[in-house]
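Geometric and topological summary
Residue strings, one per chain:
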Amino acid sequence: MEPFSLKHILDSTFDGINQSLDTYSPKVIPKEIGIVTTLSTGIVKVSGLPGVGFEELLKFPGDLYGIAFNVDEDEIGVVLLGEYWHLHAGDEVERTGRVMDVPVGDALIGRVINPLGKPLDGKEAMVFEKHLPIERPSPAIVDREPVTVPLQTGIKVVDALIPVGRGQRELIMGDRQTGKTSVAIDAIINQHDQNVLCIYCSIGQRAASVAKVIADLRERGAMDYTIVVVTEGNDAPGLNFIAPYAATSIAEYFMEKGRDVLIVYDDLTHHARAYREISLLLRRPPGREAFPGDIFYIHSRLLERSTHLRKGLGGGSLTALPIVETEAQNISAYIPTNLISITDGQIYLSPTLFELGVLPAVDVGKSVSRVGGKAQRPAYRSVTGALKLAYSQFEELETFAKFGTRLDEHTRKIIEHGRRIRACLKQPASEPVTLSEQIVVLLALTNGLFDPIPLSKMKEAEMVLRKIATELPEEMRQGFATPSAFAESTRQTILQLAEKALEPFNVKI
Ligand code: ATP
Ligand code: MG
């Protein structure tokens, strides 16, 4: 054999590797133990763990864990993930060598848990298939597909004017008590026949509000396909901080199995505050509104994980409805503007409309959906096309009409039509409207069939039309939900039926 042939070189290399493997013995890393030096609200400083990694999980006495947040040369700042009243300076801290993870699996469906996977509903403990880290990289661009399938929320004003698609991120924003949670809960309730798994992640809210939401979900049968991840206002700030990441990892587990998932973060204002608290206690430099400099990054890396995966990866999707609270209707505050720029649109709830009784209080002018229209079903899109324009024309003219000016016939008609649109888009909480019912009602609305009906009779007239929708032939109703076009004959049939049904309500002028 030639001494310098390729085979000769490779053989000698493999021999070398084999010899090293024979003599290899794994290095046993001794257990690293540190000591708690100081203790403050939800934070401890630890010394004596030189090898610790950033965001490594550390074990404290009493089944308490913490995350290494600040890794300095001689001291580590640790965020605690639970009750820490039993901790004292001098206690031992142990390295775990792993990052924070959350148990995932089908057993979670229908359960109420905390971000560590511990049940809070008093039911039996769960058996899990596996654990996933709470922080995971978001899917690459090539692994994503355009958003094409609608996520029907069952809320007429949202589906018609600010449609949301599966895989989209739509921010729900508004002042306190404007119905933000209600919009998200209605969207969850409406998924009962849509094969969408839902996750409601409640961050730092009062226990009573969370209990009410869970009771509502139970009452409407929505817990059969929903997971609730809860941290309360008085939980450790670290727990509040990790909650949305843990919930997202649970959602991703199902998305990667090809499921469509809807996740609600209620709300990210509390999340940002928890992070601010942690950062200030760790003495990180405060920036605008005392939030740390990376506050944008903590929300963007969370919301980037929502997507529609390509077919090769199962075709699952993760739709996010983050909620943010505004103060005194200031949508240009720091956290709301950050979130507006991260998400693909926002639903703005106005306290003024809420007071006027226009519920849900969606301010159509300030709300937008940057992808949704493309995801609407063709049948649905064809009945809502003219709605937004007619509504915004009305909103503009309505202000003039308030001065009692005499209006020409054309303007009067626009205003009367607009009033019918507003009345038609009103809807009580927890009563989602199905796709076919919405199509029939909105088709009648855009064709002006409601215009001769007095406003006081609108509710009744709408109910009559919704009944017609339920009586339409099964195949026609199924056709609405497919990506095929809306047949002209179907349109005419519905219009004729609607016209006939609305006749008794008409007031001849
Ligand atoms: P918070 O700021 O406290 O979280 P929120 O903005 O989430 O409040 P909700 O709790 O959803 O608001 O709703 C506030 C109140 O308004 C509730 O009592 C709810 O029942 C009522 N409400 C919300 N939407 C509607 C609706 N469409 N019709 C009737 N009442 C509604
Ligand atoms: Mg709320």
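Provided above is the structure to which this section pertains.
Below you will find a few notes about this structure. (Residues numbered from 1 in each chain as written. Chains lettered and ligands numbered in written order. Predicted model: local features only at pLDDT ≥ 70, side-chain atom pairs only at ≥ 80, totals over all residues. Heavy atoms only, no water.)

Concerning the pattern of salt bridges
- If you walk through the whole model with that rule in mind, you get 26 salt bridges.
- Asp143 serves as the salt-bridge partner of Arg310, at 3.1 Å between the closest nitrogen and oxygen. Linking Arg310 in the loop between helix H7 (295–303) and strand S14 (317–325) with Asp143 in the loop between strand S9 (130–133) and helix H2 (156–161), this pair joins segments that are 167 residues apart in sequence.
- Take Arg310: its relative accessible area is 32%, and that puts it in the partly exposed class.
- One salt bridge connects Arg412 with Glu409, and the closest N-O pair in it is separated by 3.1 Å. In this pair, Arg412 and Glu409 both sit in helix H13 (residues 409–425), 3 residues apart, roughly one turn of the helix.
- One continuous salt-bridge network, built from bridges that share partners, spans Arg136, Glu252, Glu256 and Arg305. (Salt bridge = Lys/Arg side-chain N within 4 Å of Asp/Glu carboxyl O. Helix = DSSP H or I, 4+ residues; strand = E, 2+ residues; numbered from the N terminus. Buried < 20%, exposed > 50% of the residue type's maximum accessible area, 1.4 Å probe, protein only.)

Describing the pairing of strand S12 (residues 226–232)
- Counting buried positions along S12 gives 6 out of 7 residues, so the element sits mostly inside the fold.
- Inspection of the sheet shows strand S8 (residues 112–113) paired to S12 by 2 bridges, in the parallel sense. For Val112, the partnering residue across the bridge sits in S12 and is Val228.
- Bridge count between strand S11 (residues 196–205) and S12: 7 bridges; the pairing is parallel. Bridge pairing in S12 places Ser202 opposite Val230.
- Since S11 and S12 lie parallel, the crossover through helix H4 (residues 207–219) that links them has a hand, and here it is right-handed. (Pairing = 2+ DSSP bridges. Right-handed = clockwise from strand over helix to strand, strands pointing away.)

Quick notes on the packing of helix H5 (residues 237–255) against helix H6 (residues 268–281)
- Two elements in contact, H5 and H6, have axes whose closest approach is 8 Å; the angle formed by their N-to-C orientations is 135°. Classed by the angle they form, the pair H5 and H6 counts as oblique. Remark: the crossing between H5 and H6 carries left-handed chirality. In contact with Pro237, Gly238, Asn240, Phe241, Pro244 and Tyr245 of H5, H6 contributes His271, Ala274, Tyr275, Glu277 and Ile278. (Axes fitted to C-alpha atoms, helices over the stretch in contact; angles between N-to-C directions. Parallel < 35°, antiparallel > 145°, perpendicular 65-115°, else oblique. Left-handed = near helix turned anticlockwise from the far one by under 90°. Contact = heavy atoms within 4.5 Å.)

Overview of the sheet that holds strand S4 (residues 64–71)
- With antiparallel pairing, the 6 strands of this closed barrel are ordered in space as S1-S2-S5-S4-S3-S6. If you compare each strand with its neighbour and ignore which way they point, the axes differ by 45° on average.
- Sheet topology places strand S1 (residues 33–40) next to strand S6 (residues 92–99); 3 bridges connect them, and they run antiparallel. Considered in S6, the bridge of Gly34 is made with Val93.

Concerning the sheet that holds strand S13 (residues 260–266)
- Strand order across the open sheet formed by 8 strands is S8-S12-S11-S13-S14-S10-S15-S16, with mixed pairing between neighbours. The open sheet has two edge strands, S8 and strand S16 (368–369), and neither has a second partner.
- H5 contacts S8, S11, S12, S13 and S14 of the sheet and is inclined by roughly 175° relative to S11.

Section: H13
- Taking 1.5 Å of rise per residue, 17 residues should cover 24 Å, and H13 covers 24 Å from first to last C-alpha, within 8% of that figure.
- Regarding H13, the residues found buried are Thr411, Ile414, Ile415, His417, Gly418, Arg420, Ile421, Arg422, Cys424 and Leu425.
- Buried residues in H13 make contact with H2, helix H12 (387–401), helix H14 (435–446) and helix H15 (458–471).
- With a side-chain oxygen lying 3.2 Å from the backbone nitrogen of His410, the N-terminal cap of H13 falls on Asp408. (Expected span 1.5 Å × (residues − 1). Polar contact = N/O pair within 3.5 Å; in protein donor to acceptor, adjacent residues only side chain to side chain.)

Re the site of ligand 1
- Close to ligand 1 lie 13 residues; Gln177, Lys180, Thr181, Ser182 and Gln427 are nearest.
- The side chain of Lys180 places a nitrogen or oxygen atom 2.8 Å from an oxygen atom of ligand 1.
- At 3 residues, helix H3 (residues 180–189) tops the list of elements feeding residues into the shell around ligand 1.
- For the shell around ligand 1, the per-class residue count stands at 5 nonpolar, 6 polar and 2 charged. (Near = heavy atom within 4 Å. Nonpolar A, V, L, I, M, F, W, Y, C, P; charged D, E, K, R; others polar.)

Re the nonpolar core
- Counting 74 residues, the largest nonpolar core has Ile188, Leu217, Phe450, Leu465 and Phe480 as the members making the most contacts within it.
- It is H14 that contributes the most residues to this core, 8 residues altogether.
- In contact with Phe480, not counting residues within four places along its chain, are Arg377, Ala379, Leu435, Ser436, Ile439, Leu472, Phe486, Thr490 and Ile494.
- Counting residues in each nonpolar core, the second largest holds 57 residues, with Leu171, Ile227, Ala246 and Tyr334 among its members. (Core = buried A, V, L, I, M, F, W, Y, C linked by side-chain atoms within 4.5 Å.)

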